[in-house]
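Take a look at the letters that make up each chain.
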Amino acid sequence: MRVKKSFFYGYWIVVAGFLTNSLSSGIGYYGFSVFNKPIGDEFNWSRSGVTAAFLIYSTTVAAFSPVAGRLTDRHGPRHVLFFGTVALSVTLTLLSQISAIWNFYLLHLFLGIAIALFGSIPVNVTISNWFYRLRGTMQGLASTGMGLGGLALTPLLGNWLIPNLGWRGAYLAMVPLLLVIMLPSLFFVVKDHPRQKGLSAYGQEATRLSASSAKTEPVTGLSLRETLRIPAFWLIVLTAFVYGMSVAGTVQNQVSILNGQGFAAAEAVVAIGVIGLFSGVGKFLFGYLCDRIDPKYAAAISYALVGVSLVVMSQARSMAYVWLYAVLLGLGQGGWAPNLAMLAANNFGLKHYGAVLG
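Residues numbered from 1 in each chain as written. Predicted model: local features only at pLDDT ≥ 70, side-chain atom pairs only at ≥ 80, totals over all residues. Heavy atoms only, no water.

Caption draft 1: Representation of helix H14 (residues 336-348) in the model. Over its 13 residues, H14 runs 18 Å from end to end, which matches the ideal 18 Å to within 8%, given 1.5 Å per residue. With 10 of 13 residues buried, H14 is to be regarded as a mostly interior element. Where H14 is concerned, the buried positions are Ala337, Pro338, Asn339, Leu340, Ala341, Met342, Leu343, Ala344, Ala345 and Phe348. Residue Gly349 follows H14 closely and has a positive phi angle near 80°. (Helix = DSSP H or I, 4+ residues; strand = E, 2+ residues; numbered from the N terminus. Expected span 1.5 Å × (residues − 1). Buried < 20%, exposed > 50% of the residue type's maximum accessible area, 1.4 Å probe, protein only.)

Pasting the structure below:
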C-alpha cells in the first residue's frame, strides 16, 4: 500500500519568509526611492542632502547586520523578527512627523537597525534550518518577496498613497499593513527550527524525530572567528560591497536620473516596478541555480547582468532602453539574496550562520 506523504511544514516557513521579505524591501529599500522626491520638494532639500539619508540607512544596515546575526543565533529568528517588527512600526510612525533634516537622518539610522533585525538574515537562517535539500531553491522562493515588495509597494506608495494621503499619511498607512501581516505570521506560523515541530530538515531524514532526539541534532560549521581568517570570506564581502553599492546607488537615484534624461516621473516609477518584478524572477532563478551549480558561478552571472544594465541605462534615450535596463538590473539584483545565503552556508556551515551571514 502506498503511503501518502504529509505536507512538509517548512513550506509555510517559506511563505512567511516571502511575506517578510516583501515588506522589508518594499518599505526599507524601494520605498526610499519614492519618498525622497516629495520630502525633498516640501522642505526644499537638495537631492544629495536627501540621498544622504539612504547612505546613513544602508551603512547602518551593514554595520548592524553582524549584531542582528549574533542575536539571531542566540535568541532565534522569530524573536529577532518580532523586535524588528516593533522597531520598524515605531520608526515609520516617527518618520511621518519629521520637520528638519536631522530628524530625517536620525530616523534613517533607526530604520537601518530595524531593517537589519526585520530583514533577510533571520529569514535566511530560518529557511536554512528547515531545508537541507532544495535550500537554494527555497531561499530563492522566499527572496522573490523582495521583488514583490518593489512591484507592489512602489506603485502603491508612488501612485496612490502619497498623491492621496501625502507622504506623512503614506508612512502612517504602512504601519497597520506591517502589523496585520507580521503579527499573525510570527505568533502562529514561524518556527525557528524543525525540531520544534518534531521534524528534521527537508532532505536530511525521512522520519519524524522524537522531541528528545531532535534536541540533540548536531549543527556543524565554523565559528565567526574561524570564518574571519579565511580569504574567501573577505572576497565574498568585497564583491557584495561593490555589487550592493552599484545597485543601491542606481535604484535610489533612478527617478531623478531618468528625469534628467527626459523621462517623466511616472515612467521612472514604473521602471522601479519592473525592476522589482524581475528581481523576483531573478531570486527564484538564482536560488534554483545555486542547487545545481557552484554558487560562486551564479554570483558571477548576477554581477555581470548588473554591469550590463548600468551601461544600458547610461545610454537610455527611449523607453525601450529603460525597459531593457530594468529587466537586466532586476534579474541581476535578484541574485543577491540567494547567492549570498548559499555562499555563506556552503562555505562556512550553519553553526554560526546568522553571525557569518550578517
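Caption draft 2: Representation of a nonpolar patch on the surface in the model. Among the surface-exposed residues, Leu235, Leu238, Phe241, Val242 and Met245 lie close enough to one another that they form a single nonpolar patch of about 520 Å² accessible area. With respect to the helices and strands, Leu235 occurs in helix H9 (residues 231-252). (Patch = residues over 30% accessible without salt bridge, like charges linked within 9 Å, V, L, I, M, F, W, Y side chains within 5 Å. Areas by Shrake-Rupley, 256 points an atom, 1.4 Å probe, with all protein chains shown as cover. Salt bridge = Lys/Arg side-chain N within 4 Å of Asp/Glu carboxyl O.)

Caption draft 3: Seen up close, the packing of helix H12 (residues 295-314) against helix H13 (residues 319-334). One can describe the packing of H12 onto H13 by two numbers: an axis separation of 8 Å at closest approach and a directional angle of 160°. Looking at the two axes, H12 sits roughly antiparallel to H13. Read as a crossing pair, H12 and H13 show a hand that is left-handed. Taking contact as the criterion, the partners of Ser302, Leu305, Val306, Val308, Ser309, Val312 and Met313 in H12 are, on H13, Tyr321, Leu324, Tyr325, Leu328, Leu329, Leu331, Gly332 and Gln333. Grouping the amino acids of the contact of H12 with H13 by side-chain chemistry returns 11 nonpolar, 4 polar and no charged. (Axes fitted to C-alpha atoms, helices over the stretch in contact; angles between N-to-C directions. Parallel < 35°, antiparallel > 145°, perpendicular 65-115°, else oblique. Left-handed = near helix turned anticlockwise from the far one by under 90°. Contact = heavy atoms within 4.5 Å. Nonpolar A, V, L, I, M, F, W, Y, C, P; charged D, E, K, R; others polar.)

Caption draft 4: Summary view of the nonpolar core. Ranked by size, the top nonpolar core spans 61 residues in total, and within it Phe35, Ile39, Leu88, Leu92, Ile98, Phe104 and Tyr171 carry the most contacts. When residues in this core are grouped by element, the largest group, 12 residues, is from helix H6 (residues 135-188). Apart from the residues lying within four places of it in its own chain, the contact partners of Leu88 are Ile27, Leu111, Ala114, Ile115, Phe118 and Leu178. (Core = buried A, V, L, I, M, F, W, Y, C linked by side-chain atoms within 4.5 Å.)

Caption draft 5: Focus on the side chain of Gln139. When you line up the elements, Gln139 lands in helix H6. Accessibility expressed as a relative area gives 0% for Gln139, which makes it buried. Reaching out from Gln139, the side chain makes a polar contact with the side chain of Ser128 at a distance of 2.9 Å. Apart from the residues lying within four places of it in its own chain, the contact partners of Gln139 are Asn124, Ile127, Ser128, Ala341 and Tyr353. (Polar contact = N/O pair within 3.5 Å; in protein donor to acceptor, adjacent residues only side chain to side chain.)

Caption draft 6: Highlighting the packing of helix H2 (residues 47-75) against helix H4 (residues 101-118). One can describe the packing of H2 onto H4 by two numbers: an axis separation of 7 Å at closest approach and a directional angle of 30°. If you check the angle between H2 and H4, you find them roughly parallel. Considering only the axes of H2 and H4, their crossing is right-handed. Contact with H2, carried on its side by Gly49, Val50, Ala52, Ala53, Ile56, Tyr57, Thr60, Val61, Phe64, Ser65, Ala68 and Leu71, involves Ile101, Phe104, Tyr105, His108, Leu109, Leu111, Gly112, Ile113, Ile115, Ala116 and Leu117 of H4 and no other residues of that element.

Caption draft 7: The confidence of the model for the protein, seen in detail. The predicted model of the protein averages 86 in pLDDT, with 94% of residues at 70 or higher. When pLDDT is averaged over each helix and strand of the protein, the minimum, 45, is found for helix H7 (residues 211-215) and the maximum, 97, for helix H3 (residues 77-95). (pLDDT = per-residue confidence, 0-100.)

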